[in-house]
Amino acid sequence: MIPAKFDYVRPATVGDAVRALDEGGEDAKVIAGGQSLLPLLRLRLAYPDLLVDVGGLGDLRGVRDTGDSLLIGALTTHDDVTRDPVIAEHCGLIAQAAGMVADPAVRHRATICGALAHADPAADMPAVMTALGATMIARGPGGEREIGAGEFFADYLTTTLAANEILTAVRVPKLGPGWGYRYEKFHRTAQAWAIVGVAALARRSNGQVAEARIGMANMGSVPVRARAAEAAAAGADASRDALRSAAQRADEGTSPPADLHGAADYRRHLARVLTARALAVASGA
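Residues numbered from 1 in each chain as written. Predicted model: local features only at pLDDT ≥ 70, side-chain atom pairs only at ≥ 80, totals over all residues. Heavy atoms only, no water.

Draft legend 1. Highlighting the overall build of the chain. Counting its secondary structure elements, the chain contains 12 helices and 14 strands. In summary, the chain has a C-alpha radius of gyration of 19 Å against a globular reference of 19 Å for 285 residues, a match within 12%. Burial analysis of the chain (285 residues in total) assigns 50% to the buried set. Nonlocal contacts in the chain, meaning residues at least 24 apart in sequence, comprise 63% of its contacts between residues at least 6 apart. (Helix = DSSP H or I, 4+ residues; strand = E, 2+ residues; numbered from the N terminus. Rg over C-alpha atoms; globule rule 2.2 N^0.38 Å. Buried < 20%, exposed > 50% of the residue type's maximum accessible area, 1.4 Å probe, protein only. Contact = heavy atoms within 4.5 Å.)

Listed below in structure tokens is the structure:
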């Protein structure tokens, strides 16, 4: 299909972008890499009157070390983070998951923050940021504010960003000594959305899992934390049998969808299997 008619602006600064978005109201949309929005426009599932193109705002690209955390700019692509040495050193889970997104052509255009703002629960980055406990940085007419990952994803394809706010960056904590990670997902083809995805972090100490964090994709209308499995894994031996037992609780409290790609019970089974695999690798079992 051909997209519906819309106006287009390409601001020179973040402030200009915020003003354009504010003036455009509810019918204005931000576009960066375009890998989420353009398909919706072509299918006429979105009808914005105005597109605010932030692709020229170079100060929103790149990764900065801010001490205890890393700040990933809004225009940083999936390919950028797979190659970034700071990400590799301090938060390799992001690079690993980003390298599994779609194909190279998409990864070179799709931005990390664009995937977060799109808020598809089947996408990889929302689950990863949920596991990491990331903080989203938004800027609107009233200034800048921070939104934790647990509050940022409100519903299917819906965030708590205001209509006149732009997601400018995401802040992720560095992983300290003893932490391991793994992203596992099951999908039909390399380009397809995950039927289920699991991002696991585990801190090992004295042969046990001292702490675990697990984020899951496509197990509800928003990315979810597998808190029952986290609690079961904490204090367990760092062995495959013990972690497989903890992973049996991964689907507790979830509401997985049922569609042509899998029934809800099938997704629950996948969540348990993938969580066991991810925890085993993350903990070095």
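Picking up where we left off.
Draft legend 2. Spatial organisation of the side chain of T111. With respect to the helices, strands and loops of the structure, T111 is situated in the loop between α6 (104-109) and α7 (112-118). Overall, T111 belongs to the buried group, its relative accessible area being 8%. A polar contact of 2.9 Å, which involves the side chain of T111, links it to the backbone nitrogen of G114. For T111, the contacting residues outside a window of four places in its chain are A32, G33, A74, L75, T76, T77 and H78. (Polar contact = N/O pair within 3.5 Å; in protein donor to acceptor, adjacent residues only side chain to side chain.)

Draft legend 3. Expanded view of the state of the cysteines. Enumeration according to the criterion identifies 0 disulfides in this entry. Left without a disulfide partner, C91 is nearest to the cysteine sulfur of C113, which lies 14 Å away. Under the relative-accessibility criterion, C91 is labelled buried at 0%. You can call C113 buried: its relative accessible area is 3%. (Disulfide = S-S within 2.5 Å.)

Draft legend 4. Up close: unusual backbone geometry. Non-glycine residue R44 carries a positive phi angle of around 55°. In this fold, R44 is placed in the loop between α2 (37-42) and β3 (50-53). R44 gets classed as partly exposed once you look at its relative accessible area, which sits at 35%. Despite not being glycine, L157 has its phi angle at roughly 55°, a positive value. Of note, L157 is situated in the loop between β8 (153-155) and β9 (158-159). Note on L157: relative accessible area 36%, which makes it partly exposed.

Draft legend 5. How the structure looks around the packing of helix α11 (residues 240-247) against helix α12 (residues 264-283). With their axes 8 Å apart at the nearest point, α11 and α12 run at an angle of 140° to one another. Judged on the interaxial angle alone, α12 and α11 are oblique. You can see that α11 and α12 cross each other, and the crossing is right-handed. Here R240, L243, R244 and A247 of α11 come into contact with α12, specifically with R272, T275, A276, L279, A280 and S283. Here the contact of α11 with α12 is composed, by residue class, of 5 nonpolar, 2 polar and 3 charged. (Axes fitted to C-alpha atoms, helices over the stretch in contact; angles between N-to-C directions. Parallel < 35°, antiparallel > 145°, perpendicular 65-115°, else oblique. Left-handed = near helix turned anticlockwise from the far one by under 90°. Nonpolar A, V, L, I, M, F, W, Y, C, P; charged D, E, K, R; others polar.)

Draft legend 6. Up close: a negative patch on the surface. Judged by side-chain charge, D7, E26, D27 and D49 come together as a negatively charged surface patch. The topology assignment puts D49 in the loop between α2 and β3. With relative accessibility at 43%, the residue D49 sits in the partly exposed group. (Patch = residues over 30% accessible without salt bridge, like charges linked within 9 Å, V, L, I, M, F, W, Y side chains within 5 Å. Areas by Shrake-Rupley, 256 points an atom, 1.4 Å probe, with all protein chains shown as cover. Salt bridge = Lys/Arg side-chain N within 4 Å of Asp/Glu carboxyl O. Lys, Arg positive; Asp, Glu negative; His and termini not counted. Charge placed at Lys NZ, Arg CZ, Asp CG, Glu CD.)

Draft legend 7. Molecular detail of the pattern of salt bridges. For the structure on display, the rule yields 16 salt bridges. Where R171 meets E146, a salt bridge forms, and the shortest distance between an N and an O atom there is 2.8 Å. Taken as a pair, R171 in strand β10 (residues 166-173) and E146 in strand β7 (residues 143-148) lie far apart in primary sequence, 25 residues in all. Assessed through its relative accessible area of 26%, R171 is described here as partly exposed. Two residues, D259 and R267, come together in a salt bridge whose shortest N-O distance is 3.2 Å. Given the relative accessible area of 37%, D259 is considered partly exposed. Residues participating in the shared-partner salt-bridge network are D251, R268 and R272.

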